[in-house]
Amino acid sequence: MKKIYGRIKKEYQKISSLLKLTLFFEAILVVSLVLVMGFTTKRFSALLREKEIELGEKRLESLADFAQEEYNRFYSLRNYIHNSEIHMIMSKISRDEQEAYEYKNIQDISVFFSGIGYADENISDVILVSVYGNVYSYTRQASYEVNPGYPFLEDEDIKEFISSQEDMEIKYVDPTKYCIREREAVVSYMGKIYDASLFPQKNLVGIYMINIPLTCFEEIRGSTSAVSQGDLYLLNREKEVLYCSDASRCGERAELKREDKGIHMMSKNLGSSGLEACYVLTEELLLSQIIQMKRQVMGVVVFAIIITMILGYLLYHIFQKKVTILLKSMQELQQGNFQTRLPVDSQDEIGRISESFNEMCEKLNAYVEHVYKAEIQRKNAEINALQTQINPHFLYNTLESIKSKAIVNHDEDTASMIAILGNLFRWISRTGEKTISLEKELEYIRNYLQLQSYRYNRKLEVSIEVEEDFLDEMIPKLILQPLIENAVKHALDGVCRDKLIGIQVRKKEGILEITVYDNGIGISTEKLQEIKEELRTAENQDEFESIGLKNVNQRLRLMYGPEYGLQINSIAEYGTAVKIRIPVSESGEGKVV
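Reading the values: rules and limits
- Residues numbered from 1 in each chain as written.
- Predicted model: local features only at pLDDT ≥ 70, side-chain atom pairs only at ≥ 80, totals over all residues.
- Heavy atoms only, no water.
- Helix = DSSP H or I, 4+ residues; strand = E, 2+ residues; numbered from the N terminus.
- Buried < 20%, exposed > 50% of the residue type's maximum accessible area, 1.4 Å probe, protein only.
- Contact = heavy atoms within 4.5 Å.
- Areas by Shrake-Rupley, 256 points an atom, 1.4 Å probe, with all protein chains shown as cover.
- Pairing = 2+ DSSP bridges.
- Salt bridge = Lys/Arg side-chain N within 4 Å of Asp/Glu carboxyl O.

**Q** How do you make sense of the overall build of the protein chain when you look at a structure like this?
**A** Helix and strand content of the protein chain: 13 helices and 16 strands. Sorting the 593 residues of the protein chain into buried and exposed places 39% on the buried side. Pairs at least 24 residues apart make up 62% of the contacts formed inside the protein chain by residues separated by at least 6 positions. Total accessible area on the protein chain stands at roughly 35500 Å², and carbon and sulfur atoms take up 54% of it.

Listed below in structure tokens is the structure:
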């Protein structure tokens, strides 16, 4: 047992301290989230139950109000029927069936139907049936009108109603059986018509039926902002389901009891109508919502745990990567690589250690450079200086000899060309200068272009536009010559018209802009875009076709920063313009970074 414990302890000590800390905080976070999930679920379950009951009450009130309103309207219609021409017409028909076909009677019934249809848009059908089976009907949609040949008096529901003691009854009916087309179910308000002349004796002379589609109840249900999971019921005296939000229950007989387990029930009786509106919420439905909510909360918690684990791993990986780089750099330092440096991208403990390590490496490297390399560099510098002096001296003497020979032979052009070339060599060999004035650079360019004009039989036009105030500006040495050479080499060869090379100098918002332009063959749009992209991104000079442009662009960016350098524009067959952009200081000298 002790061996196992010792082995576990040994392996535990090998684990990274940061990993231990990360796992510890991750465990605390998981436990906290689980506790929060349990509390939240319990609290929201209670709130959900209260919300469902409250929404159920609102829906119940809406259904009860609608049903009561419709019943009151139909009760008023019942009284109207017994106090109008309708009961008189039905009484006449009961004494003489031929009265059913009298035009005036039919016209009066039509007027009655029109008034009812206008008074209540929820009514879909009004049907009058005499004791002889004569049928008068009104249907709001003509395509669903009642079949006048249907034997209403033989219908089981109507026979049962006629034989009952009730004067008015409300039933669930499928009107398809007495319509010419299939119809949706309706709530039918049926009533008996008596001969008023024999009152108080009840002598039946006909019946009336007024239908309301179930969709009207659905619309009332949908018009409320309350949406709950419970079911709404509308029952008649016989507990028949006239309407239910679960359509499959319509027409059934429902025995709903408050004391049933697993059911929360609310009901409202609608006065003398015998109607009862009920709201039933089963625990099964409520539990399904609670379970769904628990799953959602659990999903959020699991997602949060996964995110925290990922973030914890990323933090551990970032920190571990920094430690690995630190250890690797220390190993390189042990092997004698004093140039190694650590990136310092933070001010935390690792950042401060990296700064101290870099300072130590700099001091060690300075010491090694001073002791071992200073002497070697000094000797190499002396050799380079001697070579720099010897090579130009030899060239100057040689060119001077060739020039003298050309003068003796009366070849003035050759002598002039050699003299210009000698001046160019002397100017280039001044290695100690990194920046020169714009005036000296333009003087060198004039000599170079004068030399090139001999190549084109002096048909090369040169235009230099520069204000005198700009001549003292300091620019990098030999920054224009590669651009001029590039124009001569690539732009002017093959051009039949007069050749032009121009230089324009402008100063704009603290930036010195020197534009070199020509009227050569230009560059195609595709090639121009390729050159611009290479100027922006290419790092290897060998990958870039125009080494001169690349060299100048890199020098400018190294000296002044990445926002400066070259800009190039060209139009095929018209010419090319290359612009140099460098900053100038208040004193007039270029600012070098």
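This is not the end of the story, as more comes after the structure.
**Q** Looking at this structure, how should I read the pairing of strand 13 (residues 499-508)?
**A** Within a regular strand, the side chains alternate between the two sheet faces. As judged from the six bridges shared by strand 11 (residues 460-465) and strand 13, these two strands associate in the parallel manner. The residue bridging Leu460 from the neighbouring strand is Lys499, located in strand 13. Note that strand 13 and strand 14 (residues 511-518) share eight bridges and pair antiparallel. Counted as the bridge partner of Ile501 is Asp518 from strand 14. Adjacent in sequence and paired antiparallel, strand 13 and strand 14 are bridged by two residues, among which Glu509 carries a positive phi angle near 55°.

**Q** Looking at this structure, I do not really get the environment of Ile291. What am I missing?
**A** Of note, Ile291 is situated in helix 7 (residues 283-334). For Ile291, a relative accessible area of 42% translates into the label partly exposed. A C-alpha to C-alpha distance of 9.3 Å links Ile291 and Ser45, two positions 246 residues apart in sequence.

**Q** What exactly am I supposed to notice about the pattern of salt bridges here?
**A** Applying the stated criterion to the full structure yields 20 salt bridges. For Lys171, the salt bridge identified is with Glu240, shortest N-O distance 3.7 Å. Remark: Glu240 occurs in the loop between strand 6 (231-235) and strand 7 (241-244) and Lys171 occurs in strand 3 (residues 168-173); sequence separation between them is 69 residues. On the accessibility criterion, Lys171 (8% relative accessible area) is buried. According to the relative accessible area criterion, Glu240 is buried, its value standing at 10%. A salt bridge links Arg536 to Glu533; the nearest nitrogen and oxygen atoms lie 2.6 Å apart. With Arg536 and Glu533 both in helix 12 (residues 525-537), this residue pair falls three residues apart, about one helical turn. Judged by its relative accessible area of 53%, Arg536 falls in the exposed class. Three or more residues are tied together by salt bridges with common partners; here these are Glu69, Glu70, Arg73 and Asp120.

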